[in-house]
Amino acid sequence: MPNPTKIIVDCSTGVTTEVELTAEEIAQREADAAAYAVAEAEREAVEAAKAAAKASAEAKLAALGLTADEIAALN
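Now for a look at the structure at hand. None of these values were measured; they are calculated from a predicted model. (Residues numbered from 1 in each chain as written. Predicted model: local features only at pLDDT ≥ 70, side-chain atom pairs only at ≥ 80, totals over all residues. Heavy atoms only, no water.)

### A short note on helix H1 (residues 23-63)
Count 3.6 residues to each turn of an α-helix, and residues three or four apart come out pointing the same way.
Part 1 of the reasoning: For H1, spanning 41 residues, the distance from its first C-alpha to its last is 60 Å, which sits close to the expected 60 Å at 1.5 Å a residue.
Part 2 of the reasoning: Downstream of H1 by a residue or two, Gly-65 has a phi angle that is positive, lying close to 105°. (Helix = DSSP H or I, 4+ residues; strand = E, 2+ residues; numbered from the N terminus. Expected span 1.5 Å × (residues − 1).)

And the structure:
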């Protein structure tokens, strides 16, 4: 399998060149992808926790006798 490539554009001449990534560039790309995956998982966990907290609060309000319309009006 060939190494990933990057395209270099010389804006002054309009010449484009395709060059293989170096080992360091490949390692950085992989590290960036891993860091993004961790950050995305953390973001999704925070969103899930917020949704669970909202659902819990709405259930508690309903248990107190509030209607769905009243609960929705609080949001």
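Resuming the write-up.
### What about the pairing of strand E2 (residues 15-20)?
Part 1 of the reasoning: Note that strand E1 (residues 5-10) and E2 share 6 bridges and pair antiparallel. Across the sheet, the residue bridging to Asp-10 is Val-15, located in E2.
Part 2 of the reasoning: Here E1 hands over to E2 after 4 residues, with Gly-14 in that stretch at a positive phi of 80°. (Pairing = 2+ DSSP bridges.)

### Thoughts on the pattern of salt bridges
Part 1 of the reasoning: Applying the stated criterion across every chain, the model contains 2 salt bridges.
Part 2 of the reasoning: Linking Lys-6 and Glu-25 is a salt bridge whose minimum nitrogen-to-oxygen distance equals 2.6 Å. Of this pair, Lys-6 sits in strand E1 while Glu-25 is found in helix H1, placing the two residues 19 residues apart along the sequence.
Part 3 of the reasoning: Its relative accessible area of 28% is what places Glu-25 among the partly exposed residues.
Part 4 of the reasoning: In this structure, Arg-43 engages Glu-40 in a salt bridge whose closest nitrogen and oxygen atoms are separated by 2.7 Å. Of this pair, Arg-43 and Glu-40 both sit in helix H1, 3 residues apart, which is roughly one turn of the helix.
Part 5 of the reasoning: The class of Arg-43 is partly exposed, set by a relative accessible area of 43%.
Part 6 of the reasoning: With relative accessibility at 22%, the residue Glu-40 sits in the partly exposed group. (Salt bridge = Lys/Arg side-chain N within 4 Å of Asp/Glu carboxyl O. Buried < 20%, exposed > 50% of the residue type's maximum accessible area, 1.4 Å probe, protein only.)

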